[in-house]
There are 2 protein chains.
Amino acid sequence: MKFGIVAFPSKKLQDLANTYRKRYDSHYSKVTPHITLKEGFEVNEADIKVITEKLATIAKKHAPLNIHASRVSSFFPNTNVIYFKIEPTEQLSNLHNELHAEINIGKPRHVFVPHITIAQDISAAEHDDIFGQLRMVGVNEKDTIDRIHLLYQLEDGSWTTYETYKLTGDE
Amino acid sequence: MKFGIVAFPSKKLQDLANTYRKRYDSHYSKVTPHITLKEGFEVNEADIKVITEKLATIAKKHAPLNIHASRVSSFFPNTNVIYFKIEPTEQLSNLHNELHAEINIGKPRHVFVPHITIAQDISAAEHDDIFGQLRMVGVNEKDTIDRIHLLYQLEDGSWTTYETYKLTGDE
């Protein structure tokens, strides 16, 4: 099965992201707005238990994440993905690095740029148009995320939560 | 915020339900296939902690749920909802009853008929047509569900998992 690890921001920030996603994001109906901490990776049924134990251990070490969605940005020209930029912090990169070190399945496909996607699978012309508009509107939301989610993907591309892990540590 | 409590069946059973839901269920994109244990109820932010503590206690008492999706059934003429019937068990009704007794917010709106919805918001004619077909195809899947999920609803109607609780008891 394909698993992924994400942090869901507050309902308020998810609702805000969805006002854009419902129009511009092809994955809108597959998962609610999130920060990806580890992209999709294949796990055999037999190995799930080990991974959930590792995640429980990691979550106990890390403190709730203080995040700041500071502006609307884009991965153009790499991809036509528009997102809420989450200001990089040591806390976020420590968690990201530890997840990848401990769950050593699938290397990070990109440098870790914490973000909440609000538009994807749009044409270059749409991208320029939408990005121009949304960059002006911008975003400025601070939030604390006190848990991370292990998700698995169904055949239709949608994601179900397998387990939640509260961030209860000091780091 | 509006919360709900569900049990997600195995990926296999979710995938099967989705083959119908994507065509016939208006809620297809809002949540993955599930058995509702407690329908949506409003909770003040301040009361969430109490509810999560109660859920953790309840989950520790109950054993993983052995379910049997035994046939395709319908709530017609009450509503045009078609579903995988889950055979009622003492285990399921005990869990349902305890959730409603302990989290005393919102009475059960219906008698508890455990099910996985596969079609809703369809016309009477569509209902007759689809139900006629799906009843013939039927379903016969057994499954063990070892956790329950507390979900909350976003403004667009979609649901995000708040927390998962493993069923680790003996009952």
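What counts as what
- Residues numbered from 1 in each chain as written.
- Chains lettered and ligands numbered in written order.
- Predicted model: local features only at pLDDT ≥ 70, side-chain atom pairs only at ≥ 80, totals over all residues.
- Heavy atoms only, no water.
- Contact = heavy atoms within 4.5 Å.
- Buried area = accessible area lost by both parts, 1.4 Å probe.
- Salt bridge = Lys/Arg side-chain N within 4 Å of Asp/Glu carboxyl O.
- UniProt positions renumbered as here; feature names shortened; annotations may be inferred.
- Polar contact = N/O pair within 3.5 Å; in protein donor to acceptor, adjacent residues only side chain to side chain.
- Helix = DSSP H or I, 4+ residues; strand = E, 2+ residues; numbered from the N terminus.
- Buried < 20%, exposed > 50% of the residue type's maximum accessible area, 1.4 Å probe, protein only.
- Expected span 1.5 Å × (residues − 1).

### Thoughts on the interface of chain A and chain B
Part 1 of the reasoning: Between chain A and chain B, the contact holds 27 residues from the first and 27 residues from the second.
Part 2 of the reasoning: A combined buried area of about 2,100 Å² lies between chain A and chain B, and 47% of that area is made up of carbon and sulfur atoms.
Part 3 of the reasoning: On the chain A side of the contact with chain B, A:Lys11, A:Arg147 and A:Leu154 bury the most area, a combined 23% of that side's loss.
Part 4 of the reasoning: Summed over the shared surface of chain A and chain B, the number is 6 salt bridges.

### Re the UniProt feature "active site" (unreviewed entry) in chain A
Residue and element names in this part refer to chain A.
Part 1 of the reasoning: The positions UniProt marks with the feature "active site" (unreviewed entry) are His34 and His115. For this annotated set, covering 82 residues, all C-alpha atoms fall within 8.1 Å of each other, a compact arrangement in space.
Part 2 of the reasoning: Not counting chain neighbours up to four residues away, the residues in contact with His34 comprise Val6, Ala7, Phe8, Pro9, His115, Ile116 and Thr117.
Part 3 of the reasoning: Polar side-chain contacts of His34 include one of 2.9 Å to the backbone oxygen of Thr32.
Part 4 of the reasoning: Tracing the sequence through the fold places His115 in strand E5 (residues 115-119).

### Description of the environment of B:Phe131
Residue and element names in this part refer to chain B.
Part 1 of the reasoning: You can see Phe131 is positioned in helix H4 (residues 124-137).
Part 2 of the reasoning: Accessibility expressed as a relative area gives 14% for Phe131, which makes it buried.
Part 3 of the reasoning: Discounting chain neighbours no more than four positions away, the residues touching Phe131 are Val72, Ser73, Ser74, Ile82 and Glu126.

### Thoughts on the pattern of salt bridges
For side chains bearing opposite charge, pairing can occur when the charged atoms are close.
Part 1 of the reasoning: Scanning the entire structure with this criterion turns up 18 salt bridges over all chains.
Part 2 of the reasoning: Across the pair A:Glu98 and A:Lys61 runs a salt bridge, and its minimum N-O distance is 3.0 Å. Of this pair, A:Glu98 sits in helix H3 (residues 90-102) while A:Lys61 is found in helix H2 (residues 48-61), placing the two residues 37 residues apart along the sequence.
Part 3 of the reasoning: For A:Glu98, a relative accessible area of 15% gives the class buried.
Part 4 of the reasoning: Given a relative accessible area of 36%, A:Lys61 falls into the partly exposed group.
Part 5 of the reasoning: Taking the shortest distance from any N to any O, the salt bridge between B:Glu141 and B:Lys12 comes out at 3.3 Å.

### A closer look at unusual backbone geometry
In terms of backbone geometry, most residues other than glycine have negative phi values and most peptide bonds are trans.
Residue and element names in this part refer to chain A.
Part 1 of the reasoning: Backbone torsion omega between Phe76 and Pro77 reads 5°, so that peptide bond is classified as cis.
Part 2 of the reasoning: Among the structural elements, Pro77 can be located in the loop between strand E3 (65-74) and strand E4 (82-86).
Part 3 of the reasoning: Although it is not a glycine, Asp121 sits at a positive phi angle of roughly 60°.
Part 4 of the reasoning: Here Asp121 is to be found in the loop between E5 and helix H4 (124-137).
Part 5 of the reasoning: Relative accessible area serves as the criterion here: at 62%, Asp121 is assigned to the exposed category.

### Some thoughts on H3(A)
All names here are of chain A.
Part 1 of the reasoning: Compared with the 18 Å implied by 1.5 Å per residue over 13 residues, the 18 Å span of H3 between its first and last C-alpha is a close match.
Part 2 of the reasoning: Of all the residues in H3, the buried ones are Gln91, Leu92, Leu95, His96, Glu98, Leu99 and His100.
Part 3 of the reasoning: Next to the buried residues of H3 lie strand E1 (2-7), strand E2 (35-42), H2, E3, E4 and strand E7 (147-153).

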